[in-house]
Amino acid sequence: ACSSSLVAVHLACKALLNFECDMALAGGVQVNPPQHAGYVHQPGAFTAPDGVCRSFDAGAQGTVFGSGMGVVALKRLEDARRDGDTVIAIVRGSAVNNDGADKLGFTAPGVAGQTAVIEKALMFAGVGADTIGYVEAHGTGTPENDKMETLGMRAVFGGDAPPISSNKSMIGHTLSAAGAIEAAFSLLAIRDGVLPPTINHDEPDPAITLDVVPNVAREAKVRHALSNSFGFGGQNVCLILSGAPA
């Protein structure tokens, strides 16, 4: 579900590294017909009671679903250079794991799994946590989910965590497409040198002590970016990206 398309990107990278293919298209699409429809809110449920997603905000009460798609074209760098392709960014490393029984609930992540998948992705990427300049987080706007995700990041980054954002505040939770769209936001942050905002973020959630990019985009030179996603059933995935070589 929510992490499936970023898992697809991870598996496509592995297929390229194993020379099972020479090019891969990976991602996901989510279309929710009819486009103009509401939902019945239930107290304590996943969706926001007022139709607003407030990722990492003190007023967060749930998410809002949206439609969207994200697809990336992947090749080994030497092949892309040989073929004269435009290289937007480089996948430095990625990792997946599953929380199993060690999670808050079927739809919520566990801190240990979040920590482990980020550490593994950094290890495979061969980069230090202190070199990550931006995190495109899952950030559903569901208080417990956001707390678990950021606690996992805090365990990795300590007191010097990079700024984070979530596109769900802007376009909603795109479910099966969410992970690939997170990768796309990270790609654009690296390419354009701009950290995208987390809109509807007015008062930081005191349980989340990371630097959230609020309301207005800001310029920043991003050396490495991290995309983090988790899905129903405890499936975690993390992708590390860096800028294209000159």
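Coordinates for the structure precede this section.
What this report covers is the structure whose coordinates are included nearby. (Residues numbered from 1 in each chain as written. Predicted model: local features only at pLDDT ≥ 70, side-chain atom pairs only at ≥ 80, totals over all residues. Heavy atoms only, no water.)

## Side note on the side chain of Asn236
Going by this rule: The secondary structure listing takes helices from DSSP runs of H or I that are at least 4 residues long and strands from runs of E that are at least 2 residues long, numbered from the N terminus. In protein, a polar contact requires one atom able to donate a hydrogen and another able to accept it; more generally it is a pair of N or O atoms within 3.5 Å, and residues adjacent in sequence count only if both atoms are side-chain atoms. In what follows, a contact means two residues having at least one pair of non-hydrogen atoms within 4.5 Å.
Take Asn236: it is sitting in strand β9 (residues 235–243). One polar contact links Asn236 to Gln114, side chain to side chain, over a distance of 2.8 Å. Excluding its chain neighbours within four sequence positions, the residues that come into contact with Asn236 are Ala95, Val96, Asn97, Asp99, Pro109, Gly113, Gln114, Val117, Ser229 and Phe230.

## A few points about helix α1 (residues 4–17)
Note the following rule: Helices are assigned an expected span. That span is 1.5 Å times one less than the residue count. Residue exposure (1.4 Å probe, protein chains only): buried if accessible area is under 20% of the type maximum, exposed if over 50%, otherwise partly exposed.
Across its 14 residues, α1 extends 20 Å between first and last C-alpha, which sits within 8% of the 20 Å expected from 1.5 Å per residue. Residues Ser5, Leu6, Val7, Val9, His10, Ala12, Cys13, Ala15 and Leu16 constitute the buried set of α1. Once α1 finishes, Phe19 follows within two positions and takes phi at roughly 55°, a positive value.

## Details of unusual backbone geometry
Of the consecutive residues Pro33 and Pro34, the connecting peptide bond is found in the cis state with omega at -10°. For Pro34, the position within the fold is in the loop between β1 (24–30) and β2 (68–74). The phi dihedral of Asn200 falls on the positive side, at around 60°, and the residue is not glycine. Structurally, Asn200 is set in the loop between β6 (194–195) and β7 (218–219). Not every positive phi belongs to a glycine, and Asn215 is a case in point at roughly 55°. Summarising the element assignment, Asn215 is placed in the loop between β6 and β7. Take Asn215: its relative accessible area is 33%, and that puts it in the partly exposed class.

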